[in-house]
Amino acid sequence: MQALRISPGLLPPECEALRQEVRAFLAEAMAGVPVARRVRNWSGANPEFSRKMAARGWIGMTWPKRYGGHERSPLERYVVLEEMLAAGAPVGAHWVADRQSGPLLMRFSPDALAPRIVPKIVRGEAFFCIGMSEPDSGSDLASIRTRAVRTRDGWLINGRKVWTSRAHQADYMIVLVRTGERGEDRHAGLSQLLLDMKTPGIVVRPIVNQLNEHDFNEVTFDDVLVPHDHLIGAEGEGWKQVGAELAFERSGPERYLSSTQLLLEMLDAADANDPRHTVALGRVVAQYATMRQMSLGVAGMLARGENPMLAAAIVKDQGALIEQAMPDLAHDLFGGGVAPDSPLEQAMRYMTLAAPSFSLRGGTREILRGIIAKGLDLR
Ligand SMILES: Cc1cc2nc3c(=O)[nH]c(=O)nc-3n(C[C@H](O)[C@H](O)[C@H](O)COP(=O)(O)OP(=O)(O)OC[C@H]3O[C@@H](n4cnc5c(N)ncnc54)[C@H](O)[C@@H]3O)c2cc1C
């Protein structure tokens with residue numbers, strides 16, 4: 001059993017100085033941006049904004065200098081992330097690269113791919129997407145069928161991925177492929193490859209979501225040839241590597257801060273003399289405070305090199321519960337009296353349609369609860 005110990009996170013004083021710097025930057029960079037855009041939170045992408053952050057040293061913050069990184073602490077990085085999320089800044093272009101692709105490349109290809117690619121991530125010049133899910137493989141990722149065959153000229157990929165967020169804007173994908181047979185061990189025979197999205201044979205087609213927006217895609221590979229040295233880590237070790245990548249994917253504060261704009265609008269609209277408002281919103285703020293301590297605790301675990309898989313699954317599961325309850329709460333408290341197209345109505349409209357996906361993306365609620373149960377030795 002993994003010990004379930006999430007120590008409340010404490011931020012050292014240098015983090016508060018940085019927080020003021022980030023707030024000053026955001027006050028200027030986000031001036032006049034309407035709520036309708038802010039609600040998109042880390043789903044909103046603006047490469048220009050990403051490059052501004054890069055110029056400040058806020059991408060690859062904790063990474064070694066040899067890769068262009070800034071060697072700051074994970075808690076300093078946390079402060080930048082939470083301020084960006086709280087402001088609804090359009091951080092989506094570089095989010096995946098900063099959160100998981102860069103760390104994966106440095107860990108599993110430290111001398112070959114990382115020196116070539118990671119400095120570009122730090123400069124805000126290389127954006128990534130995640131090629132894991134397939135039409136018949138989501139939760140059961142081990143059953144993927146996209147295949148890469150080693151040929152004289154490189155790896156030849158054929159297959160199909162779905163729900164690939166921002167594949168249409170990404171420069172690279174880290175794609176999980178089958179390079180060997182499953183055999184007895186159903187996790188065997190998987191590998192990860194770095195894929196330049198401009199490689200011939202890749203077709204990206206939009207999948208329009210229920211917000212009527214183009215965020216994710218179907219990506220097909222038809223005899224896509226990838227150089228031999230684009231194999232990340234060891235052939236056949238893909239399953240282990242994906243596990244490490246998912247720990248990064250699930251552990252960040254975006255797993256409870258996606259709905260901040262709606263909370264802020266509700267607080268703005270609240271009637272301090274109405275106990276229904278004060279009790280309900282007080283409860284959400286208290287939940288936020290608890291989630292923040294837990295989420296900072298996970299950042300602390302990452303900083304100490306501990307495995308945050310169990311703690312991160314709990315934060316993501318609880319964060320999604322709080323966030324998904326928020327649109328209903330907004331309707332209960334303000335439903336009848338919201339002015340059409342007011343900031344509160346814009347936030348309610350967006351979150352009502354976006355929130356159902358929060359317990360799907362990055363691992364479904366049931367899968368996370370399976371991980372939690374296993375971690376606690378309950379199954
Ligand atoms: C907004 C969004 C963005 C996404 N972006 C990406 C991306 O960039 N890259 C990428 O690769 N994928 C992405 N995904 C896909 C996401 O990872 C999958 O949707 C998710 O893993 C679930 O897979 P599935 O959709 O195939 O559902 P399924 O696995 O078919 O699950 C269907 C239902 O059955 C339940 N279920 C499945 N197995 C079990 C089990 N063993 N026990 C109990 N219940 C079970 C699930 O919890 C779920 O409720 C994205 C999804 C969303 C919603």
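Values in this document were obtained by computation on a predicted structure and should not be read as measured data.

Points about the site of the ligand
Around the ligand lies a shell of 15 residues, among which Ser133, Ser139, Trp163, Thr364 and Glu366 are the nearest. The separation between an oxygen atom of the ligand and a polar main-chain atom of Ser133 is 2.7 Å. At 2.9 Å, a backbone N or O of Trp163 approaches a nitrogen atom of the ligand. For the ligand, whose unbound accessible area comes to 970 Å², protein coverage reaches 61%.

Re the packing of aromatic side chains
Summed over the entire model, instances satisfying the criterion amount to 6 aromatic pairs. Relative to Trp58, the ring of Phe25 lies with its centre 5.2 Å away and its plane at 90°, an arrangement referred to as edge-to-face. Of this pair, Phe25 sits in helix H1 (residues 13-29) while Trp58 is found in the loop between helix H3 (47-55) and helix H4 (74-87), placing the two residues 33 residues apart along the sequence. Summarising the burial analysis for this pair, Phe25 and Trp58 share the class buried. With a centroid separation of 5.6 Å and 75° between ring planes, the pair formed by Tyr256 and Tyr288 is classed as edge-to-face. In this pair, Tyr256 sits in the loop between helix H7 (238-250) and helix H8 (260-269) while Tyr288 sits in helix H9 (residues 275-303), placing the two residues 32 residues apart along the sequence. We classify Tyr256 as buried; its relative accessible area is 2%. On the basis of relative accessible area, Tyr288 is assigned to the buried category, the value being 11%.

Description of the pattern of salt bridges
Applying the stated criterion across every chain, the model contains 27 salt bridges. The shortest N-O distance in the salt bridge between Glu83 and Arg23 comes to 3.0 Å. With a gap of 60 residues between them, Glu83 in helix H4 and Arg23 in helix H1 connect regions that are remote in the sequence. Members of the salt-bridge network, linked through shared partners, are Glu16, Arg19, Arg23, Glu82, Glu83 and Arg292.

Structural notes on the side chain of Ser143
If you trace the backbone, Ser143 turns up in the loop between strand S1 (128-131) and strand S2 (147-151). In this structure the side chain of Ser143 is engaged in a polar contact, spanning 2.7 Å, whose partner is the backbone oxygen of Asp140. Setting aside its immediate chain neighbours within four residues, Ser143 contacts Asp136, Ser137 and Arg182.

Digging into the nonpolar core
In terms of nonpolar packing, the biggest core is built from 88 residues, with Met84, Phe128 and Met266 touching the most fellow members. The element contributing the most residues to this core is helix H10 (residues 309-334), with 10 residues. If we ignore the near neighbours within four places in the chain, the residues touching Met266 are Leu281, Met326, Leu329, Ala330, Phe334 and Leu344. By size, the runner-up hydrophobic cluster in this structure holds 18 residues, among which are Cys129, Trp155, Ala167 and Leu195.

Overview of the environment of Cys129
Mapped onto the secondary structure, Cys129 falls in strand S1. In this structure Cys129 comes out as buried when scored by relative accessible area, which is 1%. Taking the C-alpha atoms as reference points, Cys129 and Pro275, 146 residues apart in sequence, are found 45 Å from one another. Cys129 has contacts with Val96, Thr164, Ser165, Arg166, Ala167, Ala170, Tyr172, Met173, Ile174 and Met197, leaving out every residue within four places of it along the chain.

Looking at H8
Of the positions making up H8, those classed as buried are Thr260, Gln261, Leu262, Leu263, Glu265 and Met266. Buried residues along H8 sit in contact with helix H2 (35-38), H4, H9, H10 and helix H11 (343-354).

Considerations on H1
Here H1 is 17 residues long and its end C-alpha atoms lie 25 Å apart, about the 24 Å a rise of 1.5 Å per residue gives. All of the buried residues in H1 are Cys15, Leu18, Arg19, Val22, Phe25 and Leu26. Within H1, the buried residues cover an arc of 130° as seen down the axis, which keeps them to one side. Turned more than 90 degrees off the buried face of H1, the exposed positions are Pro13, Ala17, Ala27 and Glu28. Taken together, the buried residues of H1 touch H3, H4 and H9.

How each quantity is defined
Counting from 1, residues in each chain are numbered in the order their sequence is written. Residue-level local features of this predicted model are given only where pLDDT is at least 70; pairs of side-chain atoms are given and counted only at 80 or more, and the full residue set underlies all totals for whole chains, interfaces and linings. By convention in this description, side-chain values take in all heavy atoms of the structure and omit both hydrogens and water. Only heavy atoms are used to decide nearness, and a residue is near a molecule or strand if one of them lies within 4 Å of it. Polar contacts here mean pairs of N or O atoms no more than 3.5 Å apart (in protein, one a potential hydrogen donor and the other a potential acceptor; neighbouring residues in sequence count only if both atoms are side-chain atoms). All accessibility values rest on the Shrake-Rupley procedure with a 1.4 Å probe; residue burial counts only the protein chains present in the view. Each pair of aromatic rings taken from Phe, Tyr and Trp, with Trp reduced to its six-membered ring, is defined by centres within 6.5 Å and is described as stacked if the planes are under 30 degrees apart, edge-to-face if over 60, and tilted in the remaining cases. Segments assigned H or I by DSSP are reported as helices when at least four residues long, segments assigned E as strands when at least two residues long, and all are numbered from the N terminus. When accessible area is computed with a 1.4 Å probe and restricted to protein chains, residues below 20% of their type maximum are described as buried, those above 50% as exposed, and intermediate ones as partly exposed. Note on definitions: salt bridges are taken to be side-chain nitrogens of Lys or Arg within 4 Å of carboxyl oxygens of Asp or Glu. Any two residues having at least one pair of non-hydrogen atoms within 4.5 Å are treated as being in contact. Each nonpolar core is a collection of buried residues, namely Ala, Val, Leu, Ile, Met, Phe, Trp, Tyr and Cys, held together in the definition by side-chain atoms within 4.5 Å. A helix's residues, less one, multiplied by 1.5 Å, set its expected span. The arc in question is traced by the directions running from the helix axis to the C-beta atoms.

Read these as geometric descriptors, not functional statements.
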